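# Close look at the chain arrangement
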Amino acid sequence: MPLPETTFCAQQIKIPPELPDILKQFTKAAIRTQPHDVLQWAAAYFSALSKGEPLPVKERIEMPLATEKTDAGLTLGLLKVLHKQLSPKGMVNVAKLKEKWKHLCLPEEQLEAILQLDSFGEEVEWMKILALGCSMLGGSLLSSMKHACEILTKDPEGGAARIPFETFSFLYSYLASIDGEIPQKETEAFLCGIKEQADRQDGMVLLRNFLTQPSTLF
């Protein structure tokens, strides 16, 4: 027999005082992030929240361009989320990377395509994965570097997007080597010109240092 339905009065129902704010923040995060699989993402969200880990949440909603598919996969905002989650340790276990990738409801085949671009083992250097992720977003080496600067900078959005020359040089040299068609001398000459500018800017590289100059590396 079914159990009799129990009716509670308002005085008997106690709502945890922190619940409304938790649900409010969760809702705002879901709207900003726009996960393809809300349930899967929600599980990752509350797991990270309970452990005090960086949340799988974009800083702001991303509106797709007219030429983009809404389910295109990796975006600048999602790559930035992954950077916050995985960059602190420097080296990342591939299994952990795949787990975080799945939490953001990103296509597994897209990550596999990234991993196949280099000879990675069970542990990968996060900055290399970041660089390859940026190359997935950008149609050229310099546009990939633009994405990297926008993710790594401490400047406010829309600012100069400054990053240290050492970081810029590492990422640029790595992507140029993966490309395989850019002569080493061209890479060195390009970075030499960038360093001259960075030396006058407290060792920092700005977007205008490499996006406004003529280059065969676009």
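Quick caveat: nothing in here was measured; it's all calculated off a predicted structure.

## A few points about unusual backbone geometry
Despite not being glycine, Gln34 has its phi angle at roughly 55 degrees, a positive value. Along the chain, Gln34 turns up in the loop between helix 1 (19-33) and helix 2 (38-51). The phi dihedral of Cys105 falls on the positive side, at around 60 degrees, and the residue is not glycine. Within the secondary structure layout, Cys105 lies in the loop between helix 4 (94-103) and helix 5 (108-115).

## Things to note about the pattern of salt bridges
Under the criterion given, the structure shown has twelve salt bridges. Across the pair Lys100 and Glu53 runs a salt bridge, and its minimum N-O distance is 3.6 Å. Taken together, the residues Lys100 in helix 4 and Glu53 in the loop between helix 2 and helix 3 (76-86) connect sequence positions 47 residues apart. Residue classification places Glu53 among the partly exposed positions, given a relative accessible area of 31%. Lys146 is the salt-bridge partner of Glu150, the closest N and O atoms lying 2.5 Å from each other. Note that Glu150 and Lys146 are positioned in helix 7 (residues 141-152) at a spacing of four residues, about one turn of the helix. Exposure remark for Glu150: the relative accessible area of 24% places this residue in the partly exposed category.

## Comments concerning the state of the cysteines
This structure, assessed with the given rule, holds zero disulfides. Unpaired in this structure, Cys134 has its nearest cysteine sulfur neighbour in Cys149, at a distance of 8.8 Å. A relative accessible area of 0% places Cys134 in the buried class.

## Digging into the nonpolar core
Among the nonpolar cores identified, the biggest contains 46 residues, and Leu82, Leu97, Trp126, Phe168 and Phe210 are the most heavily contacted of them. The set of elements that each furnish at least two residues to this core consists of helix 3, helix 4, helix 5, helix 6 (126-137), helix 7, helix 8 (165-179), helix 9 (184-199) and helix 10 (207-211). Ignoring any residue separated from it by four or fewer positions in sequence, one finds Trp126 in contact with Leu79, Leu82, His83, Leu86, Ser87, Gly90, Val92 and Leu97. If you look at the next biggest cluster of nonpolar residues, it comprises eight residues, including Ala29, Ala30, Trp41 and Val57.

## Comments concerning the packing of aromatic side chains
Within a pair of aromatic rings, the relevant descriptors are the distance that separates the centres and the angle that separates the planes. Under the defined criterion, the tally for this structure stands at eight aromatic pairs. Ring geometry for Tyr172 against Phe190: centres 4.5 Å apart, planes inclined by 20 degrees, an arrangement best described as stacked. Linking Tyr172 in helix 8 with Phe190 in helix 9, this pair joins segments that are 18 residues apart in sequence. Considered together, Tyr172 and Phe190 belong to a single accessibility category, that of buried residues.

## Quick look at the side chain of Asn209
Within the element layout of this structure, Asn209 appears in helix 10. A distance of 3.0 Å separates the side chain of Asn209 from the side chain of Gln197, its partner in a polar contact. Looking at Asn209, its side chain comes within polar contact range of the main-chain nitrogen of Leu206, at 2.8 Å.

Cut-offs used in this document
Residues numbered from 1 in each chain as written. Predicted model: local features only at pLDDT ≥ 70, side-chain atom pairs only at ≥ 80, totals over all residues. Heavy atoms only, no water. Helix = DSSP H or I, 4+ residues; strand = E, 2+ residues; numbered from the N terminus. Salt bridge = Lys/Arg side-chain N within 4 Å of Asp/Glu carboxyl O. Buried < 20%, exposed > 50% of the residue type's maximum accessible area, 1.4 Å probe, protein only. Disulfide = S-S within 2.5 Å. Core = buried A, V, L, I, M, F, W, Y, C linked by side-chain atoms within 4.5 Å. Contact = heavy atoms within 4.5 Å. Phe/Tyr/Trp six-rings, centres within 6.5 Å; stacked < 30°, edge-to-face > 60°. Polar contact = N/O pair within 3.5 Å; in protein donor to acceptor, adjacent residues only side chain to side chain.

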